[in-house]
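# Residue-level structural notes
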Amino acid sequence: MDAAEFRRRGKEMVDYVADYLENIEKRPVYPDLEPGYLRSLIPNEAPLEPESYEDIIKDVERVIMPGVTHWHSPYFFAYFPAASSYPAMVADMLCGAIGCIGFSWAASPACTELETVMLDWLGKMLQLPECFIAGTHGRGGGVIQGTASEATLISLLAARCKAVRRVQTINAKKSESEILSKLVAYTSDQAHSSVERAALIGAVMMRKVPTDNRYAVRREMLKKMVEEDKAAGLIPFYFCATLGTTPSCAFDHLTELGPLCNEENMWMHIDAAYAGSAFICPEFRPLLNGVEFADSFNFNPHKWLLVNFDYMTAAIHWQIPLGRRFRSLKMWFVFRMYGLKGLQAHIRKQVALAKEFESLVRADKRFEICAEVVLGLVCFRLKGSNELNQELLKRITKSREIHLVPCQLSGRFVLRFAICARTTESHHIQQAWQHITQLTFELLQEASH
Ligand code: PLP
């Protein structure tokens, strides 16, 4: 492909993408396939001779699209959102074209500097304390990681290193391995599995803190565990708080937990993967109060801030890979084309849609709401057995008209309805609910016979 063909194919691809996204709701949101479907559709080996672009693009509809779960369909309500916007896609093209590996300032000054400034913009949007801002002389600052999992791992490794140094300044004879075997980290029993994985990779113990009836960690419970562990000769060194847990979007009580972590010399990391984007709205910012006690904080603009994957920010200056893509370009384009007001409007609209869905559920006495609806996630279930709810979800998934995933809350099988796509509107919510109630009607009719 030379430059002339690239111009032509590039424009065609932009048209294909715009058509795909404009008409996405006509496609079944969830594929109708069995695992292993793809292997039989393409050769077992890479081609020896070059193939034509036309043949490849034909195979996109034949091979790829039938196997796509359409995350940007307005009928996609599963997991948490994957952000997407046209400015981010355009910036991603430019990022690919520049194609630098920005591992140092000299390797790409613009890549290095724009990231620092964009992370400051973001920190200011979230009203993070001054110590999180790089500024011109700051010691804080943010860095773009690929995922929240990486950010949590990095924070844990940094905390581990700090804890070893601290113990060795008091007792220089203690070996690193001796100290490591005594370190203990904590997180909520509602935390994402990536937090536990970070402890496994970091080779330290991790204890799960039981949550209250709103699925939040409280000071007293963490304190009790820390005291027990200290009495047993262990060294508590790290607590990962969650703001917006994956199952139910619950919020740990930072203002209680932060001072405890500071008193105990424990690093407090905050994982706000999904909920973090909402803190750009003043009405949701109080949920972040207590961040001033934290050592590090991460959230995923690629979940809810209209910046396409992969894009995760962690307010610590560290990363595992040497190379870095020029990902801050996406942020620069999105922030400038939406403005803070546009981004706030996006968050508020999606929260309002979640509230609309919540009202529909509450008005139907066959259903119950299972956790407080704070942002864009509604946890609900049919009053009745777990099996009944499992069967309802099975039918929803099989219908392929809407897509949801479940969670477990207090041992109960619960359906999660997350507002995901940028293009979801009220009529999609109404239609989704109509579909759920229709399937429920059929299910209950069958169950009563
Ligand atoms: N933390 C929380 C609270 C999450 O909800 C998720 C994913 O949904 C993650 C971490 C993992 O995110 P990532 O895929 O960016 O590692």
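Residues numbered from 1 in each chain as written. Predicted model: local features only at pLDDT ≥ 70, side-chain atom pairs only at ≥ 80, totals over all residues. Heavy atoms only, no water.

For clarity, the cut-off: UniProt positions are given in the numbering used here, feature names are shortened, and annotations may be inferred rather than shown by experiment.
As annotated in an unreviewed UniProt entry, the protein chain carries the name Aromatic-L-amino-acid decarboxylase and comes from Astatotilapia calliptera. Of the comments in the UniProt record for the protein chain, the one headed Pathway (unreviewed entry) reads "Catecholamine biosynthesis; dopamine biosynthesis; dopamine from L-tyrosine: step 2/2." According to its UniProt record, the protein chain has this under Sequence similarities (unreviewed entry): "Belongs to the group II decarboxylase family."

## Quick notes on the overall build of the protein chain
Formally: Here a helix means four or more residues in a row that DSSP labels H or I, a strand means two or more in a row labelled E, and each is numbered from the N terminus. Here the globule rule is a power law, 2.2 Å times the number of residues to the power 0.38, and the radius of gyration is based on C-alpha atoms. Remark: exposure states derive from per-residue accessible area (1.4 Å probe, protein chains only) relative to the maximum for the residue type, with buried under 20%, exposed over 50%, and partly exposed in between.
Within the protein chain, the regular secondary structure consists of 13 helices and eleven strands. For the protein chain, the C-alpha radius of gyration of 24 Å lies close to 22 Å, the compact-globule estimate for 449 residues. Dimensions of the protein chain along its principal axes, counting C-alpha atoms only, are 65 × 65 × 45 Å. Sorting the 449 residues of the protein chain into buried and exposed places 49% on the buried side.

## Side note on the sheet that holds strand S8 (residues 367-369)
Paired through their backbone hydrogen bonds, the strands of a sheet run either parallel or antiparallel. Put simply, the rule reads: Strand pairing is defined by DSSP finding a minimum of two bridges between the two strands. As a rule, the C-alpha atoms of each element are fitted with a line to give its axis, helices using only the stretch in contact, and angles between N-to-C directions run from 0 to 180 degrees. It only takes one pair of heavy atoms within 4.5 Å for two residues to be counted as in contact.
In spatial order, the strands read S8-S9-S11-S10; together these four strands make up an open sheet with antiparallel pairing. Each edge of the open sheet carries a strand with a single partner, namely S8 and strand S10 (405-409). Along the sheet, successive strands turn relative to each other by an average axial angle of 40 degrees, direction set aside. Where strand S9 (residues 377-382) lies against strand S11 (residues 412-418), four bridges are found, and the strand directions are antiparallel. Among the inter-strand pairings, Phe 380 is bridged to a residue of S11, identified as Leu 415. Contacting S8, S9 and S11, helix H11 (residues 328-362) runs over the sheet at an angle of about 15 degrees to S9. Sitting on the sheet, helix H13 (residues 426-448) is in contact with S8, S9 and S11, with an inclination near 15 degrees to S9.

## Notes on the domain arrangement of the protein chain
Heads up, the condition is: Either an automatic procedure or a domain database provided the assignment from which the domain bounds are taken.
What the domain assignment lists for the protein chain is domain 1 (3-82) and domain 2 (100-326). On a C-alpha basis, the centres of domain 1 and domain 2 stand 36 Å from each other.

## Thoughts on the pairing of strand S3 (residues 205-209)
The side chains of a regular strand alternate between the sheet's two faces. As judged from the five bridges shared by strand S2 (residues 183-188) and S3, these two strands associate in the parallel manner. For Thr 187, the partnering residue across the bridge sits in S3 and is Lys 208.

## Examining the side chain of Thr 245
Inclusion rule: Distance and chemistry together define a polar contact, namely a pair of N or O atoms within 3.5 Å, with one atom able to donate a hydrogen and the other to accept it when in protein, and with adjacent residues in sequence counting only for side-chain atoms on both sides.
Among the structural elements, Thr 245 can be located in the loop between strand S4 (235-242) and helix H9 (254-263). Residue classification places Thr 245 among the buried positions, given a relative accessible area of 0%. Reaching out from Thr 245, the side chain makes a polar contact with the backbone nitrogen of Ala 250 at a distance of 2.9 Å. Contact partners of Thr 245, with chain neighbours within four places excluded, come to Phe 80, Gln 190, Tyr 215 and Ala 250.

## Topic: helix H4 (residues 109-125)
Residue pairs spaced three or four apart in an α-helix point in one direction, given the helix's 3.6 residues per turn. Where we set the bar: Every helix has an expected span of 1.5 Å times one less than the residues it contains.
For H4, with 17 residues, the first-to-last C-alpha span of 24 Å sits near the 24 Å given by 1.5 Å per residue. Listed in full, the buried residues belonging to H4 are Cys 111, Leu 114, Glu 115, Met 118, Leu 119, Asp 120, Leu 122, Gly 123 and Met 125. Positive backbone phi, approximately 55 degrees, marks Gln 127, located one or two places after H4.

## Examining the packing of aromatic side chains
Formally: Any Phe, Tyr or Trp ring, taking Trp's six-membered ring, that has another such ring centre within 6.5 Å forms a pair; planes under 30 degrees apart are called stacked, those over 60 apart edge-to-face, and the others tilted. Either the NZ atom of lysine or the CZ atom of arginine qualifies as a charge over a ring when it sits within 6 Å of the ring centre and within 35 degrees of the ring normal.
In the structure shown here, the tally under the stated rule is 15 aromatic pairs. Positioned above the aromatic ring of Trp 332, the side-chain terminus of Arg 336 is 4.7 Å from the ring centre. The ring of Phe 80 has Arg 416 lying over it, and the distance from NZ or CZ to the ring centre is 4.8 Å.

## Examining the nonpolar core
Which entries qualify depends on this criterion: Take the buried residues of types Ala, Val, Leu, Ile, Met, Phe, Trp, Tyr and Cys, join any two whose side-chain atoms come within 4.5 Å, and each joined set is a nonpolar core.
Counting residues in hydrophobic clusters, the biggest one holds 76 residues, and the most contacted among them are Tyr 186, Leu 222, Phe 239, Phe 297, Phe 335 and Leu 375. Looking at which element gives the most residues to this core, the answer is H11, with seven residues. Built from parts of two domains, this core gets at least three residues from each of domain 1 (3-82) and domain 2 (100-326). Discounting chain neighbours no more than four positions away, the residues touching Phe 335 are Met 118, Trp 121, Leu 122, Met 125, Leu 305 and Leu 343. Tyr 75, Val 361, Phe 413 and Ala 432 belong to the second-largest nonpolar core, a separate cluster that totals 29 residues.

## Things to note about the pattern of salt bridges
Formally: Think of a salt bridge as a Lys or Arg side-chain nitrogen and an Asp or Glu carboxyl oxygen that are within 4 Å of each other.
In this structure the tally under the stated criterion is 29 salt bridges. The closest approach of N and O atoms between Glu 368 and Arg 381, which form a salt bridge, is 3.2 Å. In this pair, Glu 368 sits in strand S8 while Arg 381 sits in strand S9, placing the two residues 13 residues apart along the sequence. For Arg 381, a relative accessible area of 3% puts it in the buried group. As a salt-bridge pair, Glu 446 and Arg 395 come within 2.7 Å of each other at their nearest N and O atoms. Taken together, the positions of Glu 446 in helix H13 and Arg 395 in helix H12 (residues 386-399) put the pair 51 residues apart, joining distant regions of the chain. Given the relative accessible area of 47%, Glu 446 is considered partly exposed.

## Some words on the site of the ligand
What counts here: Note on definitions. A residue lies near a molecule or strand when any single heavy atom of the residue is within 4 Å of it. For every accessible area listed, the method is Shrake-Rupley and the probe measures 1.4 Å; residues are considered covered only by the protein chains on display. In the scheme used here, Gly and all other residues not listed as nonpolar or charged are polar, with Ala, Val, Leu, Ile, Met, Phe, Trp, Tyr, Cys and Pro taken as nonpolar and Asp, Glu, Lys and Arg as charged.
Surrounding the ligand, one finds Phe 80, Thr 147, Ala 148, Ser 149, His 192, Ser 194, Gly 244, Thr 246, Asp 271, Ala 273, Asn 300 and Lys 303. With respect to the ligand, the backbone of Ala 148 contributes an N or O atom lying 2.8 Å from an oxygen atom. One of the side-chain N or O atoms of Asn 300 is found 2.9 Å from an oxygen atom in the ligand. Across the complex, the protein chains shield 86% of the 400 Å² of accessible surface that the ligand would expose by itself. Of the residues in the shell around the ligand, the class split is three nonpolar, seven polar and two charged.

## Points about the environment of Ile 280
For Ile 280, the location among the structural elements is in the loop between strand S5 (267-271) and strand S6 (296-299). Along the primary structure Ile 280 and Pro 66 are separated by 214 residues, whereas in three dimensions their C-alpha atoms are 37 Å apart. The contact partners of Ile 280, leaving out residues within four places of it in the chain, are Met 125, Leu 126, Leu 305, Leu 340, Leu 343, Gln 344 and Ile 347.

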